[in-house]
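Results of the structural survey
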Amino acid sequence: MAEVIEVKNLKKYFPVQKSVIEVLLSKKIEYIRAVDDVSFKMEKGEVLSLVGESGCGKTTTGRILVGLEEPTDGKIVFKGKDVTKLSKEEFRKIRKHLQMIFQDPYASLNPKMKIGEHLEDPLLIHNIAENREAKELALQMLERVGLVPAEQFYNRLPYQLSGGQRQRVAIARAMILKPEFVVADEPVSMIDVSLRASILDLLMSFKAEYSLSMLFITHDLSVARLVGDRIAVMYLGKIVEIGETRKVIHHPKHPYTAALLSAVPSFLKREINIEIIGDVANPREPPSGCRYHPRCPFAKEICSKEEPKLEGKGHLVACHFPLDLDL
Ligand SMILES: Nc1ncnc2c1ncn2[C@@H]1O[C@H](COP(=O)(O)OP(=O)(O)OP(=O)(O)O)[C@@H](O)[C@H]1O
Ligand SMILES: [Mg+2]
C-alpha cells in the first residue's frame, strides 16, 4: 500500500509562560516538551488510533500534522514531500488534502455563519467551486451527512443545532474537500453517548469512500480498538508502543498500555490488574531514562538511567523489559 504521511523525529516544545519577576530572576527559558521525538508512518486508507492520558501530546501532534502548529524540530513528509520545508503559498496548495475535526463541535463553528456557508467557504477558498455550484455541493454534503431537509439546515445557525448535528457539520466541512489525510481529535467525546456510534459510522463511511488516512485521537481504548487498524500509545510526548490493533490490545508489551487496558477489561479474554503508580509527571521536567519509570510497577535500575528506544518489527515498544501477555 502507498504511504501517505511520514512523521520523522517530530518535536514541539512550548516555552513556559513566566511572571515578570520569574523572568528577571532567571534567564533560563523552560519548555513544555509536548511532543518529543515522535516518528511513524501511515498508509493510504489506514486509521491510526492515537491514545494516551490527558496532556500527553495527542492534540499537539495532530495540529502539527495538518499545519495548525509549527514543529520545533522534525519532518512531516506528505506523499513524498517534506511539508515543513514548503513556503506558505506551496503549503496552501496541499492544505486542502489535510483536514482536522475537533473535539468541540460548537467551538469549531462560527456562531454568526450559516451552516451552508461553513461548507461553501472551503470550496471558495480553494477555488474548487463558485456560487451556485458551491451551494449545490454544500446541499449534497448536508444530505450525505444526514442533515435533512438540507435546504433547512443550510440556512440555520450553529446554535440552532444539537451537539451531534454540529459534529456532522464539522465532519461535512472537513470532507467536502475530499481530503487524503484527516486528524479526528476526540470527535465523539463531547457528544451524547447515544449518538456516538452513528457519528463514528459516518466518519468511517467517508474513510471507506475516499480511502482516506485518519489519525484518530482518543483517550478511550474501546473506541481506539473499534476504529483503528493500528494503535499508537503516547506517554509524556513520546510514543511508547505502536502496532496492529489486535496485537496492541491482546498482546500489549508496554506496562503503560497494559495498565490502560486493565481499566477496560470487557473485550479482553481475561482480566489483568496492572496499576499506574501516582500522578502523571510534569512535562516541564520529564523523568530521566524511561519517562514512565516512576509510575511503572516493573521498573528496575536501568529504567531511570537509560531511555529505551522504540523498537520491534511491526509491533514496536519502548521498554527495557517488555511484557509478554495474552489477553
Ligand atoms: N499552545 C500551548 N502553549 C503551551 N503549552 C501547550 C500548548 N498546547 C498544549 N500545551 C501543553 O502541551 C502538553 C500536551 O498538550 P496536548 O493538548 O497536546 O495533550 P492531549 O494529549 O491532547 O491532552 P487531552 O487528552 O487533555 O486533550 C500539555 O502539557 C499542554 O498543557
Ligand atoms: Mg487533546
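First, a word on what this report is: a plain description of the structure on this page. All values derive from a computational prediction rather than experimental measurement.

1. What about the environment of Gln103?
Here Gln103 lies in the loop between strand E6 (98–101) and helix H4 (115–125). Exposure remark for Gln103: the relative accessible area of 32% places this residue in the partly exposed category. The spacing of Gln103 and Ile191 is 88 residues in sequence and 9.0 Å in space, taken between C-alpha atoms. Sequence-distant contacts of Gln103, defined by excluding residues within four places in its chain, comprise Gln167, Asp185, Glu186, Ser189 and Met190. Here Ser189 takes part through its side chain, which lies 3.1 Å from a polar atom of the side chain of Gln103.

2. Topic: the layout of surface pockets
The calculated volume of the largest pocket comes to roughly 500 Å³. Looking at which element gives the most residues to the lining of the largest pocket, the answer is strand E2 (residues 31–43), with five residues. Residue composition of the lining of the largest pocket, grouped by class: 13 nonpolar, four polar and nine charged. Within this model, the second largest pocket holds a volume of roughly 410 Å³.

3. A word on empty space enclosed by the protein
Where empty space is left becomes clear once a probe the size of a water molecule has been rolled over the atoms. Within the structure shown, the criterion is met by one cavity of 30 Å³ or more. When its volume is computed, the largest cavity comes out at roughly 80 Å³. Taken together, 14 residues make up the lining of the largest cavity; nearest its centre are Cys290, Cys296, Cys303, Cys319 and His320. Grouping the amino acids of the lining of the largest cavity by side-chain chemistry returns eleven nonpolar, three polar and no charged.

4. Concerning helix H7 (residues 163–175)
The terminal C-alpha atoms of H7 lie 18 Å apart, and with 13 residues this matches the ideal 18 Å at 1.5 Å per residue to within 8%. The buried count for H7 comes to ten of 13 residues, which makes it a mostly enclosed element. Within the sequence span of H7, burial applies to Gly164, Arg166, Gln167, Arg168, Val169, Ala170, Ile171, Ala172, Ala174 and Met175. Buried residues along H7 sit in contact with E6, H4, helix H5 (131–144), strand E7 (181–185) and helix H8 (193–210).

5. Regarding the site of ligand 1
Surveying the vicinity of ligand 1 reveals the residues Phe14, Ile32, Ala34, Ser54, Gly55, Cys56, Gly57, Lys58, Thr59, Thr60 and Pro283. A distance of 3.1 Å separates an oxygen atom of ligand 1 from a polar backbone atom of Gly57. Measuring from an oxygen atom of ligand 1, one finds a side-chain N or O atom of Lys58 at 2.8 Å. With the chains in place, 64% of the 640 Å² that ligand 1 exposes on its own is no longer accessible. At the level of secondary structure, the elements contributing two or more residues to the shell around ligand 1 comprise E2 and helix H2 (58–65). At three residues, the largest contribution of residues to the shell around ligand 1 is made by H2.

6. Overview of the packing of aromatic side chains
Here a ring pair, both rings aromatic, is described through the centre-centre distance and the interplanar angle of the planes. Counting across every chain of the model gives five aromatic pairs. Here a set of aromatic residues connected by ring pairs shows up, and it is made of Tyr235, Tyr256 and Tyr292. Stacked on the ring of Tyr154, the Lys or Arg Lys135 has its end atom at 4.6 Å from the ring centre. Over the ring of Phe153 we find Arg156, and its NZ or CZ is 4.4 Å from the ring centre.

What counts, and at which threshold
- Residues numbered from 1 in each chain as written.
- Chains lettered and ligands numbered in written order.
- Predicted model: local features only at pLDDT ≥ 70, side-chain atom pairs only at ≥ 80, totals over all residues.
- Heavy atoms only, no water.
- Helix = DSSP H or I, 4+ residues; strand = E, 2+ residues; numbered from the N terminus.
- Buried < 20%, exposed > 50% of the residue type's maximum accessible area, 1.4 Å probe, protein only.
- Contact = heavy atoms within 4.5 Å.
- Polar contact = N/O pair within 3.5 Å; in protein donor to acceptor, adjacent residues only side chain to side chain.
- 1 Å grid on protein atoms, 1.4 Å probe; cavity = no way out; pocket = protein on both sides within 12 Å on 5 of 7 lines; lining within 4 Å.
- Points joined across faces, edges and corners; volume = space filled by probe spheres on them.
- Nonpolar A, V, L, I, M, F, W, Y, C, P; charged D, E, K, R; others polar.
- Expected span 1.5 Å × (residues − 1).
- Near = heavy atom within 4 Å.
- Areas by Shrake-Rupley, 256 points an atom, 1.4 Å probe, with all protein chains shown as cover.
- Phe/Tyr/Trp six-rings, centres within 6.5 Å; stacked < 30°, edge-to-face > 60°.
- Lys NZ or Arg CZ within 6 Å of the ring centre and 35° of its normal.

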